[in-house]
Amino acid sequence: MALLLRGGRVIDPAVGLDEVCDVLIRDGVIVEVGTGLTMPKGEEVDCTGRIVLPGLVDVHTHLREPGREDEETVASGTRAAARGGFTAVCPMANTEPVADEGAAIRYLVEKAETEGAVRVYPIGAITVKQEGRALAEIGDMVEEGAVAFSDDGRPVADSGMMRLAMDYTKRFDVPIVSHCEDGGLVGKGVVNEGVISTRLGLPGWPAAGEETAVARDIRIAELTGCRLHVAHVSTAGSVRLVGEAKARGVNVTCEVTPHHLFLTEDDITDAYDANFKMNPPLRTAEDAAALFAGLRDGVIDCIATDHAPHAPHEKALEFELAPFGTTGLETALALVTTNLVATGKASWGDVATWMAHGPRAALGLPEMRIEAGQIADLTIVDPDESWEVGAEGFVSKSRNCAFLGHKLTGRASDVLIGGYFALRSGKVVV
Amino acid sequence: MLSSKHILSMDDLNSDDIARILETAESFAEVNERRIKKLPTLRGLTIVNLFLEPSTRTRMSFEIAAKRLSADGVNFTASSSATVKGESLRDTAATLSAMNCDLVIVRHKYAGAPRMLTEMMDCPIVNGGDGLHQHPTQALLDLYTMKRALGHLEGLKVGIVGDISHSRVAGSLIPALRKVGATPIVIAPPTLLPSRPDVLGAEVAWDLDEVLPELDVAYMLRIQMERADGMPFPSLREYARLYGMNAARMARMKPEAIVMHPGPMNRGVEISADVADSERSFVLAQVESGVAVRMAVMYLLLGGGDSGVAA
Amino acid sequence: MTKHTKAVVMDATAVERALTRVAHEVLESNKGAEGLAFVGIVTRGAVLAQRLAERIREIEGAEVPVGTLDISFYRDDLATRFNPEVRRTDLPFDLSGRCVVLVDDVLFTGRTIRAAMDALMDYGRPSCIRLAVLVDRGHRELPIRADFVGKNVPTSSRERVKVHLAETDGEEAVVIYGDEEGDE
C-alpha cells in the first residue's frame with residue numbers, strides 16, 4: 001500500500017530538512033522525500049498547512065497495567081499517547097505487581113502487540129519489587145525486550161545497591177533511569193520547600209534533596225561506566241550538575257517534563273488542588289527558567305511526560321494524602337507548541353530534537369529520520385488548532401491533569417507508525 | 001458581618017474584622033460571667049464540631065460557645081485517616097451537608113482540609129486547626145487576651161518561642177499580630193524554624209535571652225517530643241535551658257510583660273511550673289477568652305442571610 | 001438615601017418638659033423613689049434613663065441606680081436586619097426586688113421591648129418592670145404598652161421617627177422623616 005503525504009512542512013534537523021514537500025511511503029517505509037512526488041496507486045493525504053515531524057517518543061510514562069486498570073491500561077494509555085502525537089512510549093515498572101522479571105516484560109510486550117495503539121518499549125525494575133534490596137533479573141528482562149531499568153516512583157536509596165546495579169547493567173549497554181530523591185532530606189515533603197511550603201503549612205521537598213541524589217548517581221555512573229539517564233530534572237542545581245558531568249565526559253542524559261517547564265510552585269494556591277502535587281514538586285520560576293535554558297543548550301536531552309494517571313477518588317483526598325502526579329500524554333506536544341514555538345522561543349526543529357531524536361538517543365531506541373529507507377514513524381501536527389484541555393474529555397482513563405482548562409494552540413492531527421495510521425484527523429484509530 | 005463567609009486562615013480577616021470580633025467578644029465575656037450564661041441569639045441553628053484530630057479543650061470551647069448562644073452544638077469525631085478504615089473527608093462533608101448544618105468547625109491533621117469542605121458544603125466553615133497551616137480562632141483569642149491584659153495591641157512586641165515550623169498557632173498568630181500593628185518575633189533554634197519565616201512576616205531570633213527585655217508578651221509554644229521525624233534538638237533539658245520560660249527569665253522581662261501559652265503546657269520544659277502559676281501568666285485567661293471569642297465568631301458568621309431565626 | 005423632614009414634633013423645650021413630667025409620673029406611680037431602677041436601652045434610651053435619674057435627684061433628692069441594656073443578642077430579626085454593632089450591657093446593681101423602669105426613645109412595634117424584657121430576665125428577677133418612652137408612634141405588633149409616655153405621635157408606618165439628643169446628636173428634637181424604611 002502506498003501513502004503520499006502531500007504538501008506538509010517537513011522538518012527533521014537530523015537530515016537538515018525544513019521545507020514544504022511530499023513524503024512517499026510504501027509498505028511502512030519511507031521511499032522518497034521531495035517535491036511534486038507522484039504514485040501510481042495509493043492514498044494521498046493533504047498535509048497543507050501542517051508540520052510533519054519524525055515520530056515523537058515519550059520515554060517516561062506510567063501505563064498502570066497490570067494492577068491499576070481502573071486508572072489506565074496499555075490500550076487506553078497508548079491511545080492517549082497516539083492522541084498526543086506519540087509513536088512510542090516507554091512504560092515504567094512500578095505496576096502491581098512490579099515489572100521485575102522477564103515474564104512481566106513479556107506480558108507487556110504481548111499486550112502491546114494486541115492492544116497497543118503505539119509502540120511500547122518497556123522499562124524494567126532495577127531491584128526486586130523496587131524495594132532497593134536485591135537486584136532484579138536484568139538480563140532476563142533485556143532478553144524479553146526491556147530497553148532500560150528504573151525503580152522510578154522511588155529512588156534506589158542505598159548507594160551500594162546503585163553501584164551494584166550500574167556495574168551489572170553496564171554490560172547490557174542499556175541505561176539506568178534514576179528517580180533522584182534523597183529520602184532523608186525529603187522526608188514527607190509534598191511541595192517545594194520554600195515560600196509555598198511555609199505559606200500553606202505543607203511539608204517541604206527541598207531542591208537539595210534532588211541535587212544530592214543527582215550528584216551521587218552521576219558519580220557512581222562515572223565510577224562504573226554505566227549509562228545514566230536522570231528522570232524528571234526539576235531544579236537549576238540538577239541542570240548544573242548534569243552539565244558539568246557531560247563536560248567531563250560522563251555518559252549521562254536527562255529529561256524534563258512539561259509541567260516542570262511550564263508550571264511553578266506559585267501555581268499551587270490555597271485551593272490545595274492536588275492536581276499540582278507531583279514528585280519532584282513544582283519548583284520556583286528560577287528553576288523553570290534554568291530548565292528551559294538546559295533544554296536549549298543541550299544539557300537536557302529530551303522532554304518526557306511522566307504521565308501519571310490516578311483515580312479521581314484518590315486525587316480528591318487531602319493534599320498530603322493524595323498520590324503524586326499528573327497525566328501528560330495528550331498535552332505535552334501542545335504545551336510545547338503553545339509556550340515555546342508560538343512565542344518564538346523554540347523552533348519546530350527543536351521540537352523534533354527534544355521529543356523525537358533526543359528521547360530515542362537517550363534510551364538507545366531505534367533512530368528514525370525522515371529520509372528514504374527509514375521506517376515511517378511520523379507525527380503530523382496542526383500548528384493552528386485551538387483547543388481547551390479537558391473540554392472534550394480525555395482519551396486517557398484518568399482526568400488528573402494539571403493543565404485542566406488551559407487553552408492551547410497546536411495539536412497532533414495524525415500519527416503514522418510503520419506507515420499505518422494510529423491517529424487520523426484527530427481520531428485514534430482502533 | 002465579616003468580610004469573608006468562612007474563616008479558614010487569617011487571610012480571611014482584615015483588621016476591621018478583627019476589631020469587630022474582639023469588641024463583640026467583650027459583650028459575650030460579660031454574659032459568660034452571669035448566672036444565666038445563655039442568649040437566644042442563635043436558637044435553633046445546628047453547629048457541628050468536626051474534629052478529625054483529637055482535641056478536648058478546643059472542642060469543648062467551641063461546644064460551650066455554641067450552646068451559650070442557644071445553638072445545638074454537635075460533635076462529630078472520627079479517624080482522620082482517609083484509608084479503608086474511615087469515611088473519606090468528602091463523604092463526611094456530603095453527609096453533614098445532607099443534614100443541613102448551619103456552621104461547621106473543623107480540625108484536621110492535614111492542611112487544606114477546611115478549604116476542601118467549603119467546596120462541598122454550603123454553610124460557613126471555621127478552621128479549628130488544619131495540619132501545620134492555621135488555627136485562626138486561637139490567634140483571635142490570643143489577641144483578645146493581650147488586649148485585655150495590656151490595654152492595646154498596636155506596637156506590642158510579641159515573642160513566639162518554640163517549634164514554629166510545626167505550629168499552626170504561630171501560622172495564624174504571626175499574621176494576626178501584623179494586622180493589628182504589633183510586631184511578632186519568632187524565637188527558636190534554626191531546626192525549629194520554617195524554611196521561609198519571612199513569608200509569614202515575623203522577625204527571627206535564635207537567642208531568647210537577647211530579645212527578652214524588649215518583649216511585651218512571651219508566647220511559649222508546646223515542645224513535642226513525640227514527633228515522628230525525630231527530635232530536632234538534642235534533649236528537653238537543653239531546650240529548657242536555652243528556650244524555656246522560667247522565673248529568672250521572667251524577672252528580666254519588662255515589669256508589665258506577660259507570659260502566654262496556647263496549651264497544653266509541658267511544665268518544666270517550655271515553661272516552668274512557677275511561671276505557669278504566676279500572676280504574669282495569662283494562660284487561664286486565654287482559655288476563658290476562648291469561649292467569648294468563639295461566641296463572637298459564631299455570632300458574626302451566622303447573623304444575616306437565611307439563618308432561619310423567626311422574624 | 002435622602003431624608004426629607006416632614007415635621008419637627010418636639011423641640012428642645014418640649015423634650016425637657018416631657019421628661020420632667022415623666023419623672024413626676026414615675027414617682028407618683030411608685031409612691032416615691034424607693035426600690036426603683038432605670039434601665040435604658042442603648043443608645044438613646046440610656047441617655048434618657050440618665051436624665052430621668054437626674055430629674056428624680058432634683059425633685060426628691062434620691063439616687064436611683066441607672067443601668068444600660070444592649071438587646072442585640074435578643075432581637076428576633078437577626079435574619080433580616082443583622083446589625084453587628086454590639087454595645088455594652090451594664091447593670092451595676094442587683095435586679096431582684098427592684099422595680100425596673102425600662103427607658104427607650106421611641107416605642108413602635110414593641111419588639112425591642114419584648115427583647116429587652118427577655119434580656120432583663122436573664123440578668124435576674126425584678127419585682128416589676130415598667131416602660132417609659134419619650135415617643136409612642138403607634139403600630140404595635142405585639143401586646144406591649146408604655147406606662148409613661150412623653151408624647152404620642154401618630155405616624156404612618158412608612159415614616160421614620162428620630163429622636164435627637166444633645167449627648168448623641170448635638171441637638172435636641174424629635175423629627176418625623178418621610179417615606180423611607182420604617183423606624184422601630
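Residues numbered from 1 in each chain as written. Chains lettered and ligands numbered in written order. Predicted model: local features only at pLDDT ≥ 70, side-chain atom pairs only at ≥ 80, totals over all residues.

Check the secondary structure of chain A and you find 13 helices and 20 strands. Relative to a compact globule of 430 residues, whose C-alpha radius of gyration would be 22 Å, chain A shows 21 Å and is just as compact. Scored against the burial criterion, the 430 residues of chain A give a buried share of 60%. Taking the intrachain contacts of chain A between residues at least 6 apart in sequence as the baseline, contacts between residues at least 24 apart amount to 75%. (Helix = DSSP H or I, 4+ residues; strand = E, 2+ residues; numbered from the N terminus. Rg over C-alpha atoms; globule rule 2.2 N^0.38 Å. Buried ≥ 20, exposed ≤ 12 C-beta atoms within 10 Å, placed from the backbone. Contact = placed C-beta atoms within 7 Å.)

It is worth spelling out the overall build of chain C at this point. A tally of regular secondary structure across chain C gives four helices and eight strands. Secondary structure elements of chain C occur, N-terminal to C-terminal, as β-α-β-α-β-β-α-β-β-β-α-β. At 16 Å, chain C has a C-alpha radius of gyration in line with the 16 Å of a compact globule built from 184 residues. Taken over the C-alpha atoms alone, chain C extends approximately 45 × 40 × 30 Å along its principal axes. Within chain C, contacts between residues separated by at least 24 positions form 69% of all contacts whose residues are at least 6 apart in sequence.

A separate point is the sheet that holds strand 6 (residues 183-187) of chain B. All names here are of chain B. In spatial order, the strands read 7-6-5-8-9; together these five strands make up an open sheet with parallel pairing. Of all strands in the sheet, those bounded by a partner on one side alone are strand 7 (203-205) and strand 9 (258-260). With direction set aside, neighbouring strand axes in the sheet form an average angle of 25°. The strands touched by helix 6 (residues 168-179) within the sheet are strand 5 (157-161) and strand 6, with strand 6 carrying the most contacts at an inclination of about 150°. (Pairing = 2+ DSSP bridges. Axes fitted to C-alpha atoms, helices over the stretch in contact; angles between N-to-C directions.)

With respect to the secondary-structure elements, A:Val74 resides in helix 1 (residues 74-83). Residues contacting A:Val74, with those up to four places away along its chain left out, are A:Leu63, A:Glu65, A:Leu108, A:Lys111, A:Ala112, A:Glu115, A:Gly116 and A:Val120.

Let us now look at the nonpolar core. When a protein is soluble and globular, its nonpolar side chains tend to lie buried together. In this structure, A:Leu53, B:Val104 and B:Met298 are the most contacted members of the largest nonpolar core, which totals 289 residues. When residues of this core are assigned to their parent elements, the largest contribution, 12 residues, is made by helix 12 (residues 283-302) of chain B. With sequence-adjacent residues up to four places away left out, B:Met298 is seen in contact with B:Leu42, B:Ile47, B:Ala65, B:Ala66, B:Leu69 and B:Leu103. (Core = buried A, V, L, I, M, F, W, Y, C linked by C-beta atoms within 7 Å.)

With that out of the way, let us pick up the arrangement of the chains. Among two pairs of chains with at least one contact, chains A and B form the most extensive contact set. If you take every C-alpha in chain A and every C-alpha in chain C, the smallest gap between them is 29 Å, and the two do not touch.

Residue and element names in this part refer to chain A. Given a rise of 1.5 Å per residue, 13 residues ought to cover 18 Å, and the 18 Å separating the end C-alpha atoms of helix 10 (residues 285-297) matches this to within 8%. The complete set of buried residues in helix 10 reads Asp287, Ala288, Ala290, Leu291, Gly294 and Leu295. Burial along helix 10 is one-sided: seen end-on, the buried residues are contained in an arc of 160°. Every exposed residue of helix 10 that faces more than 90 degrees away from the buried side is listed here: Ala285, Glu286 and Asp297. In this structure, the buried residues of helix 10 make contact with helix 8 (236-248), strand 15 (252-256), helix 9 (258-262) and helix 13 (348-363). Following helix 10 by one or two positions, Gly298 adopts a phi angle in the positive range, close to 85°. (Expected span 1.5 Å × (residues − 1). Arc of directions from axis to C-beta.)

Before going further, it helps to spend a moment on the domain arrangement of chain A. All names here are of chain A. Taken domain by domain, chain A consists of domain 1 (2-52 + 373-384 + 408-428) and domain 2 (55-363). At the interface, 21 residues of domain 1 touch 22 residues of domain 2. In the side of domain 1 that touches domain 2, the residues fall into 14 nonpolar, three polar and four charged. (Domains from an automatic or database assignment. Nonpolar A, V, L, I, M, F, W, Y, C, P; charged D, E, K, R; others polar.)

Residue and element names in this part refer to chain B. Where helix 1 (residues 15-31) meets helix 12, the closest approach of the two axes is 8 Å, and the angle between their N-to-C directions is 120°. As for the relative orientation of helix 1 and helix 12, their crossing is right-handed in sense. On the side of helix 1, the interface is formed by Arg20, Ile21, Thr24, Ala25, Phe28 and Ala29, while helix 12 contributes Ser289, Ala292, Val293, Met295, Ala296, Val297, Tyr299 and Leu300. Split by residue class, the contact of helix 1 with helix 12 holds 11 nonpolar, two polar and one charged. (Left-handed = near helix turned anticlockwise from the far one by under 90°.)

On to the environment of B:Asn14, then. All names here are of chain B. Within the secondary structure, Asn14 is located in the segment before helix 1. Judged by local crowding, Asn14 falls into the partly exposed class, with 14 C-beta atoms found within 10 Å. The sequence separation of Asn14 and Gly181 amounts to 167 residues, and the corresponding C-alpha distance is 12 Å. Those residues in contact with Asn14 that sit more than four places away from it in its chain are Ser3 and Lys179.

All names here are of chain B. The parallel open sheet is built from four strands, whose spatial order is 2-1-3-4. Edge positions in the open sheet fall to strand 2 (72-77) and strand 4 (125-130), since each of these has one partner strand only. Across the sheet, the axes of successive neighbouring strands diverge by a mean angle of 15°, strand direction being ignored. Here six bridges tie strand 1 (residues 46-51) to strand 2, and the two strands are oriented parallel to one another. Residue pairing in the sheet places Val48 in a bridge with Val74 of strand 2.

Residues and elements named next belong to chain C. Averaged over all residues, the pLDDT of chain C is 90; the fraction at 70 or higher stands at 91%. Here strand 1 (residues 5-10) stands out as the element of chain C with the lowest mean pLDDT, 86, in contrast to strand 5 (residues 128-136), whose mean of 97 is the highest. Confidence metrics for the complex model read pTM 0.86 and ipTM 0.84. (pLDDT = per-residue confidence, 0-100.)

Here the focus is the interface of chain B and chain A. Taken together, the contact pairs 22 residues of chain B with 20 residues of chain A. Of all the secondary structure elements, the ones that give two or more residues to the side of chain B that touches chain A are helix 3 (89-98), helix 4 (113-120), helix 6 and helix 7 (197-200) of chain B. Top element by residues in the side of chain B that touches chain A is helix 4 of chain B. It accounts for three residues. When grouped by side-chain class, the residues that make up the side of chain B that touches chain A number 10 nonpolar, seven polar and five charged.

To continue, consider unusual backbone geometry. A negative phi angle characterises most non-glycine residues, just as the trans form characterises most peptide bonds. Omega for the peptide link from B:Gly263 to B:Pro264 comes to -10°, which places this bond in the cis form. Relative to the helices and strands, B:Pro264 is located in the loop between strand 9 and helix 11 (273-276). Cis geometry is adopted by the peptide bond preceding C:Thr43, which originates at C:Val42 and carries an omega value of 10°. Non-glycine residue A:Tyr272 carries a positive phi angle of around 50°. With respect to the helices, strands and loops of the structure, A:Tyr272 is situated in the loop between helix 9 and helix 10.

Residue and element names in this part refer to chain B. For helix 2 (residues 57-68), which comprises 12 residues, the first-to-last C-alpha distance of 16 Å matches the rise-based estimate of 16 Å (1.5 Å per residue) to within 8%. All buried positions along helix 2 are accounted for by Thr58, Arg59, Ser61, Phe62, Ala65, Ala66 and Arg68. Check the buried side of helix 2 and you find it contacts strand 1, strand 2, strand 3 (103-108), strand 4 and helix 12. Phi turns positive, to about 70°, at Ser70, one or two residues after helix 2.

Attention now goes to the packing of helix 4 (residues 159-169) of chain A against helix 7 (residues 207-224) of chain A. Residues and elements named next belong to chain A. Axis separation between helix 4 and helix 7 bottoms out at 9 Å; the angle between their running directions is 40°. Compared by their axis directions, helix 4 and helix 7 come out oblique. As helix 4 packs across helix 7, the resulting crossing turns out to be right-handed. Each of Ser159, Met162, Arg163, Met166 and Asp167 in helix 4 lies in contact with helix 7, whose residues at this interface are Arg216, Asp217, Ile220, Ala221, Leu223 and Thr224. A breakdown of the residues in the contact of helix 4 with helix 7 according to their chemical character gives five nonpolar, two polar and four charged. (Parallel < 35°, antiparallel > 145°, perpendicular 65-115°, else oblique.)

Looking now at the pairing of strand 3 (residues 66-69) of chain C. All names here are of chain C. Sheet topology places strand 2 (residues 36-41) next to strand 3; four bridges connect them, and they run parallel. Paired with Phe38 across the two strands is Val66, which belongs to strand 3. Following the backbone out of strand 2, through helix 2 (residues 44-60) and into the adjacent parallel strand 3, one traces a crossover that is right-handed. (Right-handed = clockwise from strand over helix to strand, strands pointing away.)

Further remarks concern the environment of A:Val118. On the secondary structure map, A:Val118 appears in the loop between helix 2 (102-115) and strand 8 (119-120). A:Val118 sits 32 residues away from A:Phe86 along the chain, and the two C-alpha atoms are 7.3 Å apart.

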